[in-house]
Each structure stands twice: as C-alpha cells, then as structure tokens.
Amino acid sequence: MFKKILIANRGEIACRVMRTAKKMGIATVAVYSDADARSPHVLMADEAVRLGPPPAGESYLLADLILLAAKETGADCIHPGYGFLSERESFARACAEAGIAFVGPPPNAIAAMGDKIESKKLAKAAGVNVVPGFLGEIDDTEHAVRIASDIGYPVMMKASAGGGGKGMRLAYSEQDVREGFEATKREGLASFGDDRVFIEKFIESPRHIEIQVMGDQHGNIVYLGERECSIQRRHQKVVEEAPSPFVTPEMRKSMGEQAVALARAVGYFSAGTVELIVSGADTSGEGFYFLEMNTRLQVEHPVTECITGLDLVELMIRVAAGEPLGFTQDDVTLTGWAIENRVYAEDPYRGFLPSIGRLVRYDPPEDARPDYGPVAADGEAYVRVDDGVREGGEVSMFYDPMIAKLITWAPTRDEAIDTQIAALDAFEIEGPGNNIDFVSALMQHPRFRKGALTTGFIAEEYPDGFHGAPASPELIRSLAAIAAFAATAEADRARRIDGQLGKRLQPPSDWVVKIDGAEHAVAISTDGITVDGEELDIALEFTPGDRVIEAEIGEELLIVKIARASAGFRLTTRGASHRARVLPAHVAPFAKHLIDKIPPDLSKFLLAPMPGLLMRLDVAAGDKVEAGQPLAVVEAMKMENILRAEKAGRVKSLNAAPGDSLAVDAVILEME
C-alpha cells in the first residue's frame, strides 16, 4: 500500500480524499495557490506545497509543478480529485513516467472517453445506445446551421472537451445556432483548450441518469447502481439522488451492463461514471442513450456511498495500488435513499448570479456526520456534510462557487427529503449569497416529491425566476407567533437594564405582527400563545442573541433562522425569508402614519449582475437599441453572460470599457 498521497486539488474534494487517506494510515500532501494558503485542505494535510498565484492556469493546472511537489515530498501516488487535471491524459501519463501512481484510470481510457466525439463512436461500437447527432468536424457557423437543420430542432451544441455545464448551448432555431455556435467554441477554448464542437439531437423531457462503475487492474468491473441528476440549472447539477425514482430493476441491469461493456472496451479501471440521457416518456425502459463517460470521481459520489456502504475513494486508492476489488456484482446491494444538494455561492433571488466574498458565518447542521466515507445504514436517517471551507474563509472568484454538499440518507425517499429540509433550515451561511432557500424549495415542490423530474425542471417550474418557496397560512401563523415571542423576550431583557426611571414595566403581551402583507394579532401569556384569537399548540425557547429557534408545533419540528431587522425580525425557514414587523398592540395603529422610503429608479442603467470581466460592448454612446438587443458580454466563472436591453431607448453614455473588472451592480452604461 502507498505511504504518502498528494492530492492535486483543493476545497471539499481535497479534504474528502485526505480523510480516507488518514483512515488508511497514508500520509497526505496538499498543494495550494496563494488564495488557498490558509484553506482547510492545507491545514488538514501533513505537508503542503505552494504552487503559485490564484488563477488555476498559474497553479492547479500546472502539472510540472505538481509532479515536482510529489517528488520533493516523497509522495508515491497522486489523487487528482475532480476538475483541474483529473481527466487530462497527459497528466496521468506524466505520473506514470515519473514513477508515481495515478489514482484513476489508465491514460488510454482517459483519452478514449475524454473526447466526446470519439467516445460516442466507441460507445456505439461497444453496443451502447447513443443519441443521434453529427460527430465529425464542423467547419463554421454555416456548416453548423446545415447540420442542425438535418438533425432537426431542438439540438444541443457541445464543446468536445467540455464538462461541468461549460461549453454547451441549446438551440431551438437557426437563429439560436448562429448566436451560440461561436460562443460555444470560445467557451470550449477558454475552459478546456479545445474549440471543437459537436451537435446532437436534444431529447425533450429528458432525465439525466448516470451509472457508477468501479474496476480493478485484474479485469473485474462492477456497476454500483444509478444516480438521478436531472435537477440542473444551465446544465450544472444542483440535486442528485440515489437510486432514481424512475429506474426499475430491469432498467438498472440493462444500463449497468452497457456501462460495464463500455468500460471493458477501453480497458478501464478505477472509479468512472457513464452518463445517460433517458426519455422520461419511454416506460419500456429502453429509451436511454450514452452522453459521456467521466473518467474520475464525481462530485455526487457520496449518495452512492450512502446506499452501497462503499468508500469509493478507498476503492480508488486500493485499485491504484494493484489490489483486486474483493467483491462481485452479486455482492452490490442498494439500501435506503440518499439525496445531495449542492450549496452554491450564488443569489437565486437575482437570477442565480455568482456571489463571492468572505464567509462571515458558516455553521452546518449540528448533527451532521463528518465525511469519512460511507456511513452504515442503521435504519436511522442522518445528515452528512462534505465541505472544504471554514467560517472566516473566502469564496474566491477564481474557482467553482460550491460551498458545500449536504447529503441525507434515510430508509425511504420521502424521509430523505424531509431530513434535507430540516438540515437546510439549520444550515447557517452569511456573507456571500447562497442557494439554501432555493434547494429547500425544490425539496418541497410537489413535482419533485412525486419524482416527476426532467432536466428542464427548474426552467419549467421557475420561468420567472425564484422568489422564495410559497408558505402556507399555517406556517405564516406560526412565524407570527415566533416573531411575537422573540419580541417579548427582547422587551423583557430591555426592562431589566439598570438605571431606568421609575419601576420596571412588564413587557408587552399583545402584539401586532405584519408578515407577508397581512397583520396578525398575537397574545403571549403564561397559558400559551394565541394568533388571531386562536390558540396555537407551540413550544419554543428564545434568548436574545439566538440565531436559530427550534419550535415544536403540534408534532412537527420547525427550525427557523432569526435575525434582527428594523422594527422586527427576518425569519428564514422552509425555503424563504419573511420580514416580520412586530409592534406592541397599542403602538401598531400609528404605524400607518410612517412614510415609506421609495427606492431609486435604476431602470435607465445597465448594471453588472455579478462580479466579472467586461469582455465586449456591443453598442456605443448615441446608439438606438431595441428591447432584447445584446448590449454587453460579461465573463464570470469562465461563463460568458450576454446582457440585453430590457426596453427600447438610446445609449446616453458608457461607464466601462472592455477589459474592465466589474463589481456587482457596477454601472456599465446609462440609457436615456
């Protein structure tokens, strides 16, 4: 077995690999950029080596420096994690030439599966179902238009070396192809150094299902069930679960056997994932097609670990050391249900724009288990958090905006979902924007709970953007009671302050709480709490300064994050934040005399929706523009974002130039 492992990555996956390595008694080496000098993965490692400045191209993507770090520290193997160099054939080959074991598949398998065009040809030859499309070289935009017309709209344009949602464009018309083909090429070149693009038929109402495979160097290959990854935004996975609510045992066997056949065809060993697009309308179980094979560990691997009880990282290390798997396909069993939500630094209330900055507060659920690989399914639901950040750390503009992965396991799917909702309610993050409200809303959505999923779920269910999960009247009444109870506790503390004139007054017991546009009369007494004259069966505690309240309402536990706001509180739970204005009953009637502050009109400005780089301006001062016309292109997180005119008008002035680094809400231009 290996003595020392270098993890050629950062963040949560670096921490994840280190925990398993330490469990196996293997010493660990971290590498880091200047932006990550005090990151958790660096502090966790036995040794750490600096690579260079923050940009990945000057640090984590420099294979020579990583190999040098391995040699200098005496590491005898390298785990690449995911992203960065994990699917670079040249890196795997360089490791072999340097006499350092690569914890992953052989270089020829990476090469075969890394090219989306060639991999589809190999898959077809191996008897795997493939999506109809054009796999040859595409000359230019006109050629792309002809190909798309021959295949039939809608089509998907993809960068051949793409992944992670980058370098992909959906086209429903010729205009979409003309607008998106060159952008797809540029994103492929910028992110992967390869501007080749292929076009294939887009299967409408599709489900994204993937098969986890694991092979050793002795010819043994097994599949470890499937993961449902249909909940995506801009082709980036948001929610993953295992098993899939759609897949039958017969489908699982058919998909798994095809995935193993493909892996065997390229001499594959280590962990790998065969991604499939599945027609949700095809109940025969035969409507699934090969998309690509990811020759690495997947972000969503924890859900497979939870239902199989296998530590995939440990298996990868043992396979790299030449050990056999030690089990067969018949030994693989799937127990219970696991769901993973990716907690991103983004603002769902502003079109999911990326968010960066310091984690002023980062506090995962208290009962979360550490990510030491698999946790035995003992029948009790549990929470697992895989992360690589700590309170006070920075979410950097240079890397992926994922903060953490929240995983729950339970005997049934409904229990796993309910455990997710409670865990999200208890997850505290302050600083950069985050998507906790949004993924909580997804967990509560009736369509999600039914398992009626497609890759278009988010676009279909939130066509006008996300504005918070809807709250039932019962929940609003409970929040009104909680707000009044908290106000009573604060008033009781205030009356105890020394040095006040006269005798200490009793805190108010009658309150008017305005929440979500409606007013509720709340009375607090030693006998209980009434809302609008009706007694509420609620039990709770609150001490001024508490950030989280756990309230028992009947037999249900409600976890609410509470923060002070002007004349009341901001209460966050069940996928939405609610502003509660709390006034003593004798004061409330006078509130109508207060003048509301009117926000300024910013409609005449084009504002940077996220921090990024201004790539291009498509207009000049004095130009007349129409609604929907492209005005500028801003690059953020290696994605090009086209900013369009919301209404017709004329450009008055330009406030930024191409190449400028923009802060969020920076003025790019002004209209008149």
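Data block above holds the structure.
Residues numbered from 1 in each chain as written. Predicted model: local features only at pLDDT ≥ 70, side-chain atom pairs only at ≥ 80, totals over all residues. Heavy atoms only, no water.

## Describing unusual backbone geometry
- Tyr153 connects to Pro154 through a cis peptide bond whose omega is 0 degrees.
- Omega for the bond connecting Ala242 with Pro243 falls within 30 degrees of zero, at -5 degrees, which places this linkage in the cis form.
- Positionally, Pro243 belongs in the loop between β12 (236-242) and α9 (249-265).
- Its identity as a non-glycine residue notwithstanding, Ala567 has a phi of 60 degrees, on the positive side.
- Positionally, Ala567 belongs in the loop between β30 (556-565) and β31 (568-573). (Helix = DSSP H or I, 4+ residues; strand = E, 2+ residues; numbered from the N terminus.)

## Brief notes about helix α3 (residues 63-73)
- For α3, the set of buried residues is Ile66, Leu67, Ala69, Ala70 and Thr73. Axial view of α3: buried residues confined to an arc of 155 degrees, hence all on one face. Exposed positions of α3 whose direction lies more than 90 degrees from the buried face are Asp64, Lys71 and Glu72.
- Lining the buried residues of α3 we find β1 (4-7), β2 (27-33), β3 (47-52), β4 (77-79) and α4 (89-97). (Buried < 20%, exposed > 50% of the residue type's maximum accessible area, 1.4 Å probe, protein only. Arc of directions from axis to C-beta. Contact = heavy atoms within 4.5 Å.)

## Comments concerning the pattern of salt bridges
- Within this structure, the stated rule accounts for 54 salt bridges.
- Notably, a salt bridge pairs Lys4 with Glu47, separated by 2.5 Å at the nearest N-O pair. Of this pair, Lys4 sits in strand β1 while Glu47 sits in strand β3, placing them 43 residues apart in sequence.
- Given the relative accessible area of 29%, Glu47 is considered partly exposed.
- Bridged by salt links that share partners, the residues Arg16, Lys23, Glu305, Asp311, Glu314, Arg318, Glu323, Arg384 and Asp386 form one connected network. (Salt bridge = Lys/Arg side-chain N within 4 Å of Asp/Glu carboxyl O.)

## Details of the side chain of Asp437
- Turning to its location among the elements, Asp437 is positioned in helix α13 (residues 436-444).
- Put simply, Asp437 is tucked away with no salt bridge, and the nearest opposite charge, on Lys561, sits 5.9 Å away.
- Discounting chain neighbours no more than four positions away, the residues touching Asp437 are Tyr349, Phe466, Thr572, Gly575, Ala576 and Ser577. (Lys, Arg positive; Asp, Glu negative; His and termini not counted.)

## Let's talk about the sheet that holds strand β35 (residues 624-625)
- What the four strands build is an open sheet, ordered β33-β40-β38-β35; its pairing is antiparallel. For this open sheet the edge positions go to β33 (605-607) and β35, each flanked by a neighbour on one side alone.
- Relative to strand β40 (residues 667-671), strand β38 (residues 649-654) runs antiparallel, the two being bridged by three bridges. Within β40, the residue paired with Val651 across the bridge is Met671. (Pairing = 2+ DSSP bridges.)

## Quick word on α13
- Among the nine residues in α13, eight count as buried, and that is most of the element.
- Among the residues of α13, those classed as buried are Ile436, Asp437, Phe438, Val439, Ser440, Ala441, Leu442 and Met443.

## Some thoughts on the sheet that holds strand β11 (residues 221-233)
- What the eight strands build is an open sheet, ordered β14-β13-β10-β11-β12-β15-β22-β20; its pairing is antiparallel. On the outer flanks of this sheet lie β14 (288-294) and β20 (382-387), each paired with one strand and no other. Averaged over all pairs of adjacent strands, the angle between strand axes in this sheet comes to 25 degrees, irrespective of strand direction.
- With six bridges joining them, β20 and strand β22 (residues 402-410) adopt antiparallel strand pairing. The residue of β22 that forms the bridge with Asp387 is Ala404.
- Running at roughly 45 degrees to strand β10 (residues 206-215), helix α11 (residues 312-320) makes contact with β10, β11 and β13 (270-279) of the sheet. (Axes fitted to C-alpha atoms, helices over the stretch in contact; angles between N-to-C directions.)

## Describing the pairing of β38
- Alignment of β35 against β38, held across two bridges, turns out to be antiparallel. Bridged to Val625 within β38 is Gly649.

## What to know about the packing of α3 against α4
- For the pair α3 and α4, interaxial distance at closest approach is 11 Å and the crossing angle is 30 degrees. Comparing their axes, α4 and α3 come out roughly parallel. The crossing of α3 and α4 is right-handed. Where α3 abuts α4, its residues Ala63, Ile66 and Leu67 lie against Phe91, Ala94 and Cys95.
- Looking at the contact of α3 with α4 residue by residue, the class counts come to six nonpolar, no polar and no charged. (Parallel < 35°, antiparallel > 145°, perpendicular 65-115°, else oblique. Left-handed = near helix turned anticlockwise from the far one by under 90°. Nonpolar A, V, L, I, M, F, W, Y, C, P; charged D, E, K, R; others polar.)

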